[in-house]
Amino acid sequence: MKHTKFLIFALVVGIISFLIINSRFLVIENVFYQSPCDTPITYKIGSIDERFGLPRSEAVSATKQASDIWNTTLGKQLFIYDSGATLTINMVYDRRQLLNTQINLLEKDIKSGKTTLKDEIANFERHSAEFNNKLTAFKQKVISWNAKGGGPQEEYDKLIQEQQSLNEEETLLRGIAQRLNLSTSQYNTQVDELNRTIRSFRNALQVSPEEGVYNPQEERIDIFFNNNRNELIRTIAHEFGHARGLSHSTNQQAIMYPSTTQFLTPTADEIAALRKICRKRPFYEPLFETFSLYLYRFGKTL
Ligand SMILES: [Zn+2]
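(A) View of the sheet that holds strand β3 (residues 79-81). Reading across from one edge, β3-β2-β4-β6-β5 is the order of the five strands in this open sheet, with mixed pairing throughout. The outermost strands of the open sheet, each flanked by one partner alone, are β3 and β5 (212-215). Looking at each pair of strands side by side, their axes are set apart by 25° on average, direction ignored. Across four bridges, strand β2 (residues 41-48) lies against strand β4 (residues 87-91) in parallel orientation. Following the sheet pairing, Ile48 is matched in β4 by Met91. The strands that helix α2 (residues 56-74) touches are β2, β3 and β4; relative to β2, the one it contacts most, it runs at about 150°.

Now the structure itself:
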């Protein structure tokens, strides 16, 4: 009996100690091992230039889609929309967006110019075909009267009148043909000029290929483009990547590739880099990082 009581007592003590030790380990692990990604980055939408043509609700949903790209990659809330956040995303209409809008307008001009000219040429060709039919009919009438050795005065007068109206129509058609030739050559010159302008605009755009900028000091992300939704989401995701510590990638399909694309899926390398940033590490590791950074700076000033 005494033994049984002791055994029960020992078992209870054992279970309690096990629980205490393990829960301590849990606490210890939480205290000593932390991930910088345990705290999500919160963001809000700041100013949207109305020339962007982007309603605030669409800007919010685009940023949510962009943050979901990273959130689902790690199965963790890395970015959360919060109207009280300090990190602000602004849609800034600058020279780049202006140039891009101009390119789109010029391209539209070229297309519409082509359509108008095409319609005019088609009309002219229809008109010319009608005229040719009338001319053939007229010639046949003249031949048949001649074969009969001539006709009455009345018929002769009618034919003369018809001939005059055909002459007038021919002059008119000739005028249209000349104008269309001129328009076509003018159109071609215009297209050449427009293409040259578009080329120079594109060159200007290539100087600054990134469509957004993350500024950690001011805690802001500025987005300069709204070409289409995919591109916008990709640009925001790219800047979010910078905010989370990701640097540029040379892989053209990567979200962190510095030029604009429409790829919305992180590459294996990007996922690995993000996992590395977000890994749980001992609390003293960031201290060492700061220390070594300090030493590096110190070394540099020397
Ligand atoms: Zn970048």
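There is more to say after this.
(B) Main features of the confidence of the model for the protein chain. Considering every residue of the protein chain, the mean pLDDT works out to 81; 84% of them sit at 70 or more. The low-confidence segment residues 293-302 (pLDDT under 50) makes zero contacts with residues lying over four places distant or belonging to another chain.

(C) Representation of the pattern of salt bridges within the structure. For the structure shown, the criterion picks out ten salt bridges. Here Asp38 ties to Lys280 by a salt bridge, and the two come within 3.5 Å at their closest N and O atoms. On the criterion of sequence distance, the pair formed by Asp38 in the loop between β1 (33-34) and β2 and Lys280 in the loop between α6 (268-278) and β7 (281-282) is long-range, its members being 242 residues apart. The class of Asp38 is partly exposed, set by a relative accessible area of 39%. Of the charged contacts in the structure, one is a salt bridge between Glu170 and Arg174, with a shortest N-O distance of 2.8 Å. Of this pair, Glu170 and Arg174 both sit in helix α4 (residues 153-206), four residues apart, which is roughly one turn of the helix. On the basis of relative accessibility, which here comes to 31%, the residue Glu170 falls in the partly exposed class. One salt-bridge network, in which partners are shared between bridges, spans Asp38, Lys76 and Lys280.

(D) How the structure looks around the packing of α2 against α6. Axis separation between α2 and α6 bottoms out at 10 Å; the angle between their running directions is 75°. Relative to α6, the element α2 is oriented roughly perpendicular. Across from Trp70, Thr73 and Leu74 in α2, the residues of α6 making contact are Glu270, Ile271, Leu274, Arg275 and Cys278.

Calculation criteria
Residues numbered from 1 in each chain as written. Predicted model: local features only at pLDDT ≥ 70, side-chain atom pairs only at ≥ 80, totals over all residues. Heavy atoms only, no water. Pairing = 2+ DSSP bridges. Helix = DSSP H or I, 4+ residues; strand = E, 2+ residues; numbered from the N terminus. Axes fitted to C-alpha atoms, helices over the stretch in contact; angles between N-to-C directions. Contact = heavy atoms within 4.5 Å. pLDDT = per-residue confidence, 0-100. Salt bridge = Lys/Arg side-chain N within 4 Å of Asp/Glu carboxyl O. Buried < 20%, exposed > 50% of the residue type's maximum accessible area, 1.4 Å probe, protein only. Parallel < 35°, antiparallel > 145°, perpendicular 65-115°, else oblique.

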